[in-house]
Amino acid sequence: MLREKIIEAIEQHPEAVSRALRFIYDVDEPAISLDGIRAEMSPGENLGDFFLYILEQENKLNAFILALEARGIVVDEGVADAVDQLRRDMPAGWVAGSANFPEAAAQSIIGWNRRLRCRVIVDGQVKGSGCLIGPSLVLTAWHVVAPGPPDDAEARFGRIEVQFPSGRKEAVMPDLALISPCTGGEYQSQFPARDLDYENRHDLAVLKLARPEGVRLGYLPLPQDPVVPANQGAILLMHYPQGEDVGIGFARLSPLPGLSVRWGHDADTSAGSSGGPFLDPAPSLLGVHQAKERGWRRLVPVNVALDQLRTCVDRDVAPEIVWSLDGEIVVGRDRFFEAAAAAASADTRVRGIRVKRQDVDRQGPTGLGFTARLLEHLLARRPGFHRLIEVGFAASETDLPAQIAWHAGLDPQVATIRPASGVGPGEATPAASAREVAQVLCSALDEAAGQARKLFWIYVANPDRSLAPRERLDLEAFLAAVIFRPNLRVVVAGLETLVTPATEFSSLALAREGVPGFVVEVFGQVDILDVENVLRWAGDEIKAGHSDDQTALMARQALAGFRPHNGRYATGDLPGITRAIKKHVEDMRRVAQGGQP
């Protein structure tokens, strides 16, 4: 009877049979196929008999029957009845599930799928999937990034990065925010049958991104309370099977015999799916895909580490993003906000920011003065922790050290005091004198900041003229000295030809270890994602209630009529783009207040 049922399934449902075959073989196993079986058959041999023989020899028959049953094809009533009985006998804490997703939940998940899921890449190879759960945090399965067995203390993680649906890649910091390996048995594809054997082995990892992509893209919220699993409830999977973008996976949730720390599901997964998040109809983050076992597929519920995950997210402080200041739209300045947040940290290599224009000739001073206002706005949010000291260059030659000392409230003479070494102005080369004065000045500034328990931020404005030789020497010496003072930060606006006598980081990912330096922000061009972000942030603040599709449409409308080059819009287009964004923001505000756009 089983033979006839399998022959019937092969003849009537060849695609389902092929999918079931792919399902039951692990990635490192040589999978069989219908065409392969036919090619190996002897003349006159029965397909059903040979098919059963192959599956029995490889101990895959029960797994194949279960995989077919999950696809609605029953070939063995006994196995199917056993599975149905297991599903009916819900363990404690489970509830009956629903096959439906509310429309609003489905729309949210579609938007998240387009923005928040990511490929997890290790040493250049896609190893699994993940999702944003915080401004700079990505949740995945530990075994996706594992450098070796769970008890190998000598193993070191490889080079990890993630890639979002937009194609943007982001580096992962070397120190993971959470590491919870799988069990030794799971690592060997042997799955313990008791909760006790999984104690503190959750197979979860939280990656810390070098840039807070979640500020731009959003992130999945953790459930407020432990998720109540729903037997046979509909769930959705955001993943990259085989590293490919195939959309959203549909599945049902099932209990696993004797376990509460691992749950079963029947999503169609493969290599690359591990670490992908499951969502329930709430929609809540349910867990991440882990593996498959004898016809079952397993997920790790977030319940097992919810407190640890919450702690990670609570510590993941997002940089403040300003989308509008004094009625002016702020677009494409994310790097500045991120650098300012990094510099504000006590334990950081980022001691300053260099703000450079993309096109000095076309931009002129536009945006540089705005940078000072942005910085002032950011620091004003925590006046008890920061003090802003603005300095610049007058029409005539400026004594920069004396100006800094005066604005900081120090005795201006501190900028001309002869050091104990006896080397001072007039007694050494101009460069040596400038270095000595800068050291004394920065020491006094750092001491004053420490006593005030604040960070002193020195903002150096772009001059309207070329710097005199002495001014350039003074500024270079000051920048060389200031980066080694823990209570001082500096922001240099413009002055693109100035050679900074310190390390310059083109991204926060490079500011990991070693000597301190400056993060470089180059502004003046934007892309469609920058425009979408501004509109999304504005919509969230206004409570416009727009979907991702509506936001994307508004962004395309704002950019209509402007021609991008390699996906970027030129400096000269910015005034027109910001006017178009402002119009959409005004329309959103009117609609939110009950008016018409």
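Residues numbered from 1 in each chain as written. Predicted model: local features only at pLDDT ≥ 70, side-chain atom pairs only at ≥ 80, totals over all residues. Heavy atoms only, no water.

S.K.: Can you explain the side chain of Ser136? Please cite residues and give values.
M.R.: Considering the arrangement of structural elements, one finds Ser136 in the loop between β3 (125-134) and β4 (137-140). A distance of 2.8 Å separates a polar atom in the side chain of Ser136 from a polar atom in the side chain of Lys208. Those residues in contact with Ser136 that sit more than four places away from it in its chain are Leu207, Lys208, Leu209, Arg211, Pro212 and Asp316. (Helix = DSSP H or I, 4+ residues; strand = E, 2+ residues; numbered from the N terminus. Polar contact = N/O pair within 3.5 Å; in protein donor to acceptor, adjacent residues only side chain to side chain. Contact = heavy atoms within 4.5 Å.)

S.K.: Would you mind going over the packing of helix α18 (residues 528-542) against helix α20 (residues 574-592) in detail, with residue names and values included?
M.R.: Relative to each other, α18 and α20 sit at 25 degrees, their axes nearing to 10 Å. What the angle tells us is that α18 and α20 run roughly parallel. Between α18 and α20 lies a crossing whose hand is right-handed. Mapping the contact onto sequence places Val531, Val534, Leu535, Ala538, Gly539 and Ile542 in α18 and Ile577, Ile581, His584, Val585, Met588, Arg589 and Ala592 in α20. Within the contact of α18 with α20, the residues separate by chemical class into ten nonpolar, two polar and one charged. (Axes fitted to C-alpha atoms, helices over the stretch in contact; angles between N-to-C directions. Parallel < 35°, antiparallel > 145°, perpendicular 65-115°, else oblique. Left-handed = near helix turned anticlockwise from the far one by under 90°. Nonpolar A, V, L, I, M, F, W, Y, C, P; charged D, E, K, R; others polar.)

S.K.: Which residues make up the environment of Ala502, and what are the values?
M.R.: Positionally, Ala502 belongs in the loop between β21 (488-493) and β22 (503-505). A relative accessible area of 19% means that Ala502 is categorised as buried. Measuring from C-alpha to C-alpha, the distance between Ala502 and Ala481 comes to 9.3 Å, with 21 residues separating the pair along the chain. (Buried < 20%, exposed > 50% of the residue type's maximum accessible area, 1.4 Å probe, protein only.)

S.K.: Could you give an account of the environment of Leu574, with specific residues and numbers?
M.R.: Position of Leu574 among the secondary structure elements: in helix α20. By relative accessible area, which is 18% here, Leu574 ends up buried. Between the alpha carbons of Leu574 and Phe562 there is a distance of 9.7 Å; along the sequence they are twelve residues apart. In this structure, Leu574 is in contact with Val331, Gly524 and Val526, ignoring residues within four places of it in sequence.

S.K.: Give me the sheet that holds β21: which residues, what numbers.
M.R.: Ordered in space as β19-β20-β21-β18-β23-β22, the six strands form an open sheet in which the pairing is parallel. Two strands bound the open sheet, and with one partner strand each, they are β19 (386-391) and β22. Strand-to-strand, the axes of this sheet are offset by a mean angle of 25 degrees, without reference to chain direction. In the packing of helix α12 (residues 334-343) onto the sheet, the strands contacted are β18 (350-357), β20 (455-460), β21 and β23 (517-523), and the crossing angle to β18 comes to about 165 degrees. Packed onto the sheet, helix α14 (residues 368-380) meets β18, β19, β20, β21 and β23 and runs at close to 170 degrees relative to β20. (Pairing = 2+ DSSP bridges.)

S.K.: Any details on the pattern of salt bridges? Residues and values, ideally.
M.R.: Pairing between side chains of opposite charge can happen when the charged atoms of each approach one another. The final tally for this structure, using the stated rule, is 24 salt bridges. Among the salt bridges present, the one from Asp245 reaches Arg117, with a minimum N-O distance of 2.6 Å. Separated by 128 residues along the polypeptide, Asp245 in the loop between β10 (234-238) and β11 (248-255) and Arg117 in strand β2 (residues 117-122) bring together distant segments of the chain. Classification of Arg117 as buried rests on a relative accessible area of 3%. (Salt bridge = Lys/Arg side-chain N within 4 Å of Asp/Glu carboxyl O.)

S.K.: Lay out helix α16 (residues 430-452) in plain terms, naming residues and giving numbers.
M.R.: Relative to the 33 Å expected for 23 residues at 1.5 Å per residue, α16 spans 33 Å between its end C-alpha atoms, a close match to the ideal helical length. For α16, every residue scored as buried is listed here: Ala432, Ser433, Ala434, Val437, Ala438, Leu441, Cys442, Leu445, Asp446, Ala448 and Ala449. The inward-facing, buried residues of α16 contact α15 (400-407), β20, α17 (469-482) and β21. Backbone geometry just after α16 places Arg453 at a positive phi near 55 degrees. (Expected span 1.5 Å × (residues − 1).)

S.K.: Go over the sheet that holds β4 with me, naming the residues and quoting the values.
M.R.: Note on sheets: strands pair through backbone hydrogen bonds, and any given pair is parallel or antiparallel. Strands sit in the order β6-β5-β2-β3-β4-β8-β7 across an open sheet of seven strands; the sheet is antiparallel. Of all the strands in the sheet, just β6 (169-171) and β7 (178-180) have a single pairing partner and so form its edges. Taking the axes of each pair of neighbouring strands and ignoring which way they run, one obtains an average angle of 35 degrees across the sheet.

S.K.: Report on the packing of aromatic side chains, specifying residues and quantitative values.
M.R.: By the definition in use, this model includes two aromatic pairs. Pairing Trp142 with Tyr187 gives two aromatic rings, centres 6.3 Å apart and planes at 55 degrees, and the pair type is tilted. With Trp142 in helix α8 (residues 142-145) and Tyr187 in helix α9 (residues 184-187), this residue pair connects regions lying 45 residues apart in the sequence. Assessed through its relative accessible area of 3%, Trp142 is described here as buried. (Phe/Tyr/Trp six-rings, centres within 6.5 Å; stacked < 30°, edge-to-face > 60°.)

Just geometry here; none of it tells us what the structure is for.
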